[in-house]
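Spelled out from the first residue to the last, the chains are:
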Amino acid sequence: MPEKTIFQKIADREIPGEIVYEDEQCLCFRDIRAQAPVHLLLVPKKLVVRIGEAEPADQDLLGHLMTRVRHIAEQEGFADAGFRVVINNGSHGGEAVPHLHLHILAGRQLGWPPG
Ligand code: AMP
């Protein structure tokens, strides 16, 4: 068995996470180094390493993640004010954890372009 990613360990309750949403396919928890008043990570339970390596067979799972964003935004109360969804991919993208995750950032005016 390959070593679990840190996000698989959070899903399996082996390390703590402040989980705000969970279903059979995905988990959403607060980023430990928040870059905004609200900074959530939405992660598939099945390991997809990064968006740049997603397979056609991952289509339904990726669609599920994207449509769960609305639910989470409404649940957490930032849907109306607005928010940003970010996926970092690979070295130049700033990816640190090789387990696909959507950053959901909210709670302040976000700048553009990103750094
Ligand atoms: P990325 O740079 O896109 O791979 O993002 C990885 C994110 O995971 C960073 O924003 C980290 O702060 C976050 N992170 C790393 N370890 C944990 C953890 N144990 N709990 C919550 N967030 C974490």
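Data block above holds the structure.
Since this is a predicted model, take the numbers as computed values, not measurements.

(A) Structural view of the overall build of the chain. Tallying secondary structure elements over the chain gives three helices and five strands in all. The C-alpha radius of gyration computed for the chain amounts to 14 Å, which stays within 12% of the reference 13 Å derived for 115 residues, consistent with globular compactness. By principal-axis analysis of the C-alpha atoms, the chain measures approximately 40 × 30 × 25 Å. Expressed as a percentage of its 115 residues, the buried residues of the chain come to 38%. A sequence separation of at least 24 residues applies to 51% of the contacts in the chain between residues at least 6 apart. Carbon and sulfur atoms make up 52% of the accessible area of the chain, which totals about 7,200 Å².

(B) Focus on the site of the ligand. As a structural note, the neighbourhood of the ligand is formed by 16 residues, with Asp31, Asn88, Ala96, His101 and His103 the closest of them. At 2.6 Å, a backbone N or O of Ala96 approaches an oxygen atom of the ligand. Protein chains shield 88% of the accessible area of the ligand, which is 510 Å² for the free molecule. Its atoms largely coinciding with the cavity grid, the ligand occupies the largest pocket. Sorting the residues of the shell around the ligand by element identifies helix H1 (6-11) and strand E2 (26-30) as the ones contributing at least two each. In terms of residue count, H1 provides more of the shell around the ligand than any other element does, three residues in total.

(C) Fine view of the nonpolar core. Within the largest apolar cluster, 19 residues are counted, with the highest numbers of intra-cluster contacts made by Cys28, Leu40, Leu42, Leu65 and Phe78. Breaking this core down by element, the ones donating at least two residues are strand E1 (19-22), E2, strand E3 (38-44), helix H2 (59-76) and strand E5 (102-106). Per-element accounting of this core gives the leading share, six residues, to H2. Of all hydrophobic cores here, the second largest spans eight residues; its members include Phe7, Phe29, Leu41 and Val97.

(D) Representation of the state of the cysteines within the structure. The tally for this structure, following the rule as stated, stands at zero disulfides. In this model Cys26 remains outside any disulfide bridge; the closest cysteine sulfur is found in Cys28, 7.8 Å from its own.

(E) View of the sheet that holds strand E4 (residues 83-86). Across the sheet, which stays open at both edges, the five strands sit in the order E1-E2-E3-E5-E4 with antiparallel pairing between neighbours. Edge positions in the sheet fall to E1 and E4, since each has one partner strand and no second. Strand-to-strand twist across the sheet, computed as the mean angle between neighbouring axes with direction ignored, equals 20°. Pairing analysis gives four bridges linking E4 to E5, with the strands arranged antiparallel.

Scoring rules and cut-offs
Residues numbered from 1 in each chain as written. Predicted model: local features only at pLDDT ≥ 70, side-chain atom pairs only at ≥ 80, totals over all residues. Heavy atoms only, no water. Helix = DSSP H or I, 4+ residues; strand = E, 2+ residues; numbered from the N terminus. Rg over C-alpha atoms; globule rule 2.2 N^0.38 Å. Buried < 20%, exposed > 50% of the residue type's maximum accessible area, 1.4 Å probe, protein only. Contact = heavy atoms within 4.5 Å. Areas by Shrake-Rupley, 256 points an atom, 1.4 Å probe, with all protein chains shown as cover. Near = heavy atom within 4 Å. Polar contact = N/O pair within 3.5 Å; in protein donor to acceptor, adjacent residues only side chain to side chain. 1 Å grid on protein atoms, 1.4 Å probe; cavity = no way out; pocket = protein on both sides within 12 Å on 5 of 7 lines; lining within 4 Å. Sits in = over half its atoms within 2 Å of the grid points. Core = buried A, V, L, I, M, F, W, Y, C linked by side-chain atoms within 4.5 Å. Disulfide = S-S within 2.5 Å. Pairing = 2+ DSSP bridges. Axes fitted to C-alpha atoms, helices over the stretch in contact; angles between N-to-C directions.

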